[in-house]
Structures are given as C-alpha cells and as structure tokens.
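# Secondary and tertiary structure notes
So the chains spell out like this:
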Amino acid sequence: EPKSTWYFAEGFTGGNPSIAFETFILIGNDADTPAQVTATYYLDAGTPITKTYTVGKKSRFNIWTDAERDGEDGPLLLPGVSFSVKLESTIPIVAERAVYWGTPSATDPTRPVFPWKEGHAVAGIEAPQTTWAFAEGRQGGDPSGATFDSFFLLVNPNASPIQVRATFATEDGRGVVVTVPVAANTRTNIWPVVQGGTADPDYALLNGRRFAAFLESVGDSPLPFVAERAMYWNDFTGGHANGGTPWTGAITAPANKPVAVSLTNMAPTSGRLS
C-alpha cells in the first residue's frame with residue numbers, strides 16, 4: 001500500500017574509466033491532490049542534503065539524481081557520489097529506485113553512453129529495522145570462470161552513530177563475523193573483499209564462496225537502520241539488487257571460520273593411468 005515515507009539504501013551517480021551509473025527515484029501519486037515530497041540524501045560523510053519536489057495529482061514523477069541541481073541553475077546536487085535517500089511525503093505515495101550502468105562517456109566518466117548495459121530496480125523500504133537478513137551473496141570467482149561482487153548498503157538515519165554486526169554464513173556451516181561503524185546521518189557500504197589492508201582480513205575467507213548475510217545493530221541501545229544488497233557479475237555485465245528482510249529471530253555466531261586452503265606440494269608428481 002502507499003506510504004508517506006520510503007527509504008532506499010543504494011544510489012550512485014559516479015563512474016570510473018570502465019563503468020558509469022545513473023540512478024532514478026520514481027514516485028507514483030494516485031491521490032486527487034498533489035504531493036509535496038522531501039528527499040533527504042545521505043552521503044558517506046557530511047551533512048545530509050534535502051530537496052522538495054511537487055508530484056502532481058494522479059501522476060508519476062522521476063528524480064534523475066545525476067542531473068539534480070542546487071537551485072535552477074546551481075551546481076549539481078549529487079556530483080559523482082554514493083548516497084542513500086529517504087522520501088517523506090505530505091500524502092501516501094509509492095516509490096521505486098532504478099539504477100542503470102554502461103560504458104562511460106569520453107567527456108564525462110560519470111555518464112554512461114547509450115545503449116546502457118544493464119540495470120536493476122527495487123521497491124522502497126517502509127521503515128528502518130534493527131536486524132536485516134539476506135539469503136543471497138557471493139564474492140569472487142567460481143569454477144566456471146565467472147566473477148561476482150556483493151555489496152551491502154547501509155544507511156543510518158539516526159542522530160547517533162551505530163555499530164552494525166555482519167554475520168556471513170557460508171554453505172559449509174562456517175562463517176565470518178565483522179562489525180562496521182556507521183556515523184550518524186550517513187551511509188556506508190560493506191563489500192566483503194580485502195582492499196589494501198583496509199578491510200577486515202576475514203573478508204578474504206569469503207572469496208570464492210556463496211553466503212547468506214545477517215546484519216544487526218548492536219550495542220546497549222541498538223538503533224534501527226536500512227539495508228540493501230546489490231550484486232554484480234563479470235565486471236558489471238549483469239546485476240541485481242534487493243532490500244533486506246526484517247529479521248526477528250536470534251542470530252547465531254558461526255562456530256568456525258571458513259578454511260583458507262592452498263596447495264603447496266603434491267607427491268608423487270606422476271603415475272601410470274592404471
């Protein structure tokens with residue numbers, strides 16, 4: 001049903017020499033009166049950005065975030081950034097988010113040229129929760145030669161920082177537990193891959209594995225947050241995204257971590273076929 005508030009944890013207006021993204025926030029208003037919709041854009045750091053839009057009666061509306069400006073002729077509102085968004089409307093509305101990507105323009109690496117390669121879309125999330133669950137997740141390569149990247153997007157819409165404990169459960173009953181801070185009124189991204197030693201080294205144990213993920217706000221007084229998962233494969237040849245499932249059950253820490261196995265020697269090195 002329509003709601004007066006919707007959340008989206010994922011959004012990106014940036015790019016690099018190989019891939020560029022476009023993000024659209026779609027709003028439907030079936031009422032007989034216009035809706036005043038205020039979007040609050042949460043960034044990785046800094047103060048959230050707000051802008052109010054008028055959605056006519058019995059109509060739909062599109063926020064092309066890559067082209068949004070601060071004022072009619074002002075600078076870009078979200079130039080090449082990752083963001084989350086909260087929509088607050090004066091009357092109930094329905095909302096979705098669509099993301100498309102493709103080869104960057106030669107003149108602007110943040111804009112993909114037509115035809116776009118792929119895209120994904122999700123419905124809005126109704127409200128923050130203290131715990132989210134995701135059944136799908138995969139990181140690294142598999143025996144077919146395909147490669148996967150799973151991103152877990154978190155937004156903390158509270159005035160206080162939170163700690164989010166992420167439990168990754170692998171198919172062999174093992175798993176990895178990491179804790180990620182999310183500052184007040186900001187968003188962050190969990191990408192379970194070790195980059196330059198800056199991420200938790202346990203992420204390396206998830207490489208080449210499939211897993212479920214359970215994300216929970218922890219501490220003396222856990223505060224709710226919003227989470228999504230975006231998954232891409234083969235250097236962004238394809239991708240999909242999904243909002244989390246609110247979770248009410250207990251989350252059991254894995255008894256053991258996945259085992260990192262490397263082959264160092266084999267004997268004998270040859271033998272008869274028989």
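Residues numbered from 1 in each chain as written. Predicted model: local features only at pLDDT ≥ 70, side-chain atom pairs only at ≥ 80, totals over all residues. Heavy atoms only, no water.

### Section: the overall build of the protein
Our working definition: In this text, helices come from DSSP runs of H or I with a minimum length of four residues, and strands from runs of E with a minimum of two, each type numbered from the N-terminal end. The buried label goes to any residue with under 20% of its type's maximum accessible area, the exposed label to any with over 50%, and the partly exposed label to all in between, with areas taken from a 1.4 Å probe on protein chains only. Whether two residues are in contact is decided by their heavy atoms, any of which lying within 4.5 Å being enough. Here the accessible surface of atoms and residues is derived via Shrake-Rupley with a 1.4 Å probe, and residues count as covered only by protein chains that are part of the display. Only four residue types enter the tally: Lys and Arg on the positive side, Asp and Glu on the negative side; His and the chain ends are excluded. A single reference atom marks each charge: NZ on Lys, CZ on Arg, CG on Asp, CD on Glu.
Scanning the protein from terminus to terminus reveals zero helices and 17 strands. Counting only C-alpha atoms and orienting by the principal axes, one finds that the protein spans roughly 80 × 50 × 30 Å. Buried residues in the protein amount to 42% of all 274 residues. Contacts spanning at least 24 positions in sequence make up 74% of the contacts within the protein whose residues lie at least 6 apart. Carbon together with sulfur atoms contributes 52% to the accessible area of the protein, which is approximately 13,800 Å² in total. When the 19 basic and 27 acidic side-chain charges of the protein are each reduced to a single mean position, those positions are 5 Å apart.

### Digging into the packing of aromatic side chains
Applied cut-off: Aromatic contacts are taken between Phe, Tyr and Trp rings whose centres are within 6.5 Å, Trp giving its six-membered ring; a plane angle under 30 degrees counts as stacked, one over 60 as edge-to-face, and the others as tilted.
Overall, the coordinates contain 20 aromatic pairs when judged by the stated rule. Each ring, one from Tyr232 and one from Phe236, has its centre 4.8 Å from the other, and the planes form 50 degrees; the classification is tilted. According to the relative accessible area criterion, Tyr232 is buried, its value standing at 5%. Three or more aromatic residues link up through ring pairs in this structure, and these residues are Phe12, Phe21, Trp101, Phe151, Trp191, Tyr232 and Phe236.

### Quick word on the nonpolar core
What counts is decided by this rule: Only buried Ala, Val, Leu, Ile, Met, Phe, Trp, Tyr and Cys residues count toward a nonpolar core, and they belong to the same one when joined by side-chain atoms within 4.5 Å.
Counting residues in hydrophobic clusters, the biggest one holds 57 residues, and the most contacted among them are Tyr41, Leu87, Phe168, Ile190 and Leu215. Apart from the residues within four sequence positions on either side, Leu215 is in contact with Thr130, Thr131, Trp132, Phe134, Phe152, Leu154, Val164, Arg165, Ala166, Ile190, Phe225 and Ala227.

### Re the pattern of salt bridges
Pairs may arise between side chains of opposite charge once their charged atoms sit close together. Heads up, the rule is: Salt bridges are counted wherever a side-chain nitrogen of Lys or Arg sits within 4 Å of a carboxyl oxygen of Asp or Glu.
Taken as a whole and assessed by the stated rule, the structure comprises 16 salt bridges. A salt bridge links Glu10 to Arg187; the shortest N-O distance between them is 3.7 Å. Remark: Arg187 occurs in strand S13 (residues 186-190) and Glu10 occurs in the loop between strand S1 (3-8) and strand S2 (20-29); sequence separation between them is 177 residues. Residue classification places Glu10 among the buried residues on the basis of a relative accessible area of 10%.

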